[in-house]
Amino acid sequence: MSYGLQFGVVCAMVLLGCSKVTLQGSVSRGYIRNTSDSVLFNAQLFVVIGIVMAALFPLGKIGWDGILMASMTAVCTVVFQSFYALALKTGPVSLTVLIGNFALFFTTVFCVAVYHESVYLTQLFGIAFLVLSMILSVKKGKDEKGVSGKWILFVALMTIANSAASVFMKVFTMDMSARFENSQNTFMVIAYAIAAVLGFVFYFLSAHTGRREGNTYGFFNRRVLLYALSIGVILGIYQKFYLIGLEKIDGGFLFPTYSGMQSLCMTVIGILFFKDKLSVRQIFGVACGIICVVLMNVRYLKLF
């Protein structure tokens, strides 16, 4: 794939990803009141994404090893979403989001180490500026909870699960998908179907055991289901571009560039639509993000 097409795929992912985050932020502010709400909404979302991908993209055969890989991806996705919600609930939100973003570095290292993907000196500097941008852009809330042993466990599990899900998708895309036409689409449909089942199981367990934390917005709330449908369509298309990126674009370029561009895009959205005001520290964070994107696209002095 040419460089122009690679950059185009990343841009499409960024636009779709930012649209998803914006809509999901509206859902969270308006309807998500507890962990049970979050688990249920994600389960509903997984159903929609699976249906959207099955409807929009042709399906093909998939081997048993592919089904196993899809199952592992689904488990990791549900574990990530569950512990992410718990981490946000029990600890500092700003640090939870920051550490969650660092999952991309583990996937990048895996791509470089296992598939010997190219890394350039300028990209290493770009990654360094991305890390700095993430740290400077953190917006700490006034009433954030402190760090605890339980929070550290939740954050560790969510980061490992998020990284593992991306790794499983990468392995399938690179090593298994070529055997059958359109198997990547089938892989994602199976993964989201399993994730939906697991999500509903977790929801009913949380609603009927322990503290019995129930859902607050109603199982068939029309507005929430409309949000789930809208986000599901966006994510269904996003996942198609993501699969293309995993197959055609080196991880050392894909993940940091996507993260840097998404951060910049979300900052612009916050300023234009939500009237966010940036501190001096956050402005420096945005500048570092811009430098990151530029350096990731220079590709000078190949190291590996």
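Preceding this section is the structure that the text describes.
Residues numbered from 1 in each chain as written. Predicted model: local features only at pLDDT ≥ 70, side-chain atom pairs only at ≥ 80, totals over all residues. Heavy atoms only, no water.

**As for the nonpolar core**
Argument step 1. Counting residues in each nonpolar core, the largest one holds 71 residues, and the members touching the most others are Val-10, Phe-41 and Phe-187.
Argument step 2. Beyond its immediate stretch of four places on either side in the chain, Phe-187 contacts Ile-62, Gly-66, Met-69, Ala-70, Thr-73, Met-169 and Phe-172. (Core = buried A, V, L, I, M, F, W, Y, C linked by side-chain atoms within 4.5 Å. Buried < 20%, exposed > 50% of the residue type's maximum accessible area, 1.4 Å probe, protein only. Contact = heavy atoms within 4.5 Å.)

**Describing the packing of helix H7 (residues 149-175) against helix H8 (residues 183-208)**
If you want to describe how two helices pack, look at the angle between their axes and the distance between the axes.
Argument step 1. Between H7 and H8, the least distance of the axes is 10 Å, while the angle of their chain directions is 155°. Compared by their axis directions, H7 and H8 come out roughly antiparallel. For the crossing formed where H7 meets H8, the hand is right-handed. Between H7 and H8, the residues in contact are Met-169, Phe-172 and Thr-173 and Ser-183, Gln-184, Phe-187 and Met-188, respectively. (Axes fitted to C-alpha atoms, helices over the stretch in contact; angles between N-to-C directions. Helix = DSSP H or I, 4+ residues; strand = E, 2+ residues; numbered from the N terminus. Parallel < 35°, antiparallel > 145°, perpendicular 65-115°, else oblique. Left-handed = near helix turned anticlockwise from the far one by under 90°.)

**As for the pattern of salt bridges**
Argument step 1. Applying the stated criterion across every chain yields a total of 2 salt bridges.
Argument step 2. Linking Arg-179 and Asp-65 is a salt bridge whose minimum nitrogen-to-oxygen distance equals 2.7 Å. In this pair, Arg-179 is assigned in the loop between H7 and H8 and Asp-65 in helix H3 (residues 64-90), connecting sequence segments 114 residues apart.
Argument step 3. Assessed through its relative accessible area of 30%, Asp-65 is described here as partly exposed.
Argument step 4. Taking the shortest distance from any N to any O, the salt bridge between Lys-170 and Glu-117 comes out at 2.8 Å. Of this pair, Lys-170 sits in helix H7 while Glu-117 sits in the loop between helix H5 (103-115) and helix H6 (121-137), and the two are 53 residues apart along the sequence. (Salt bridge = Lys/Arg side-chain N within 4 Å of Asp/Glu carboxyl O.)

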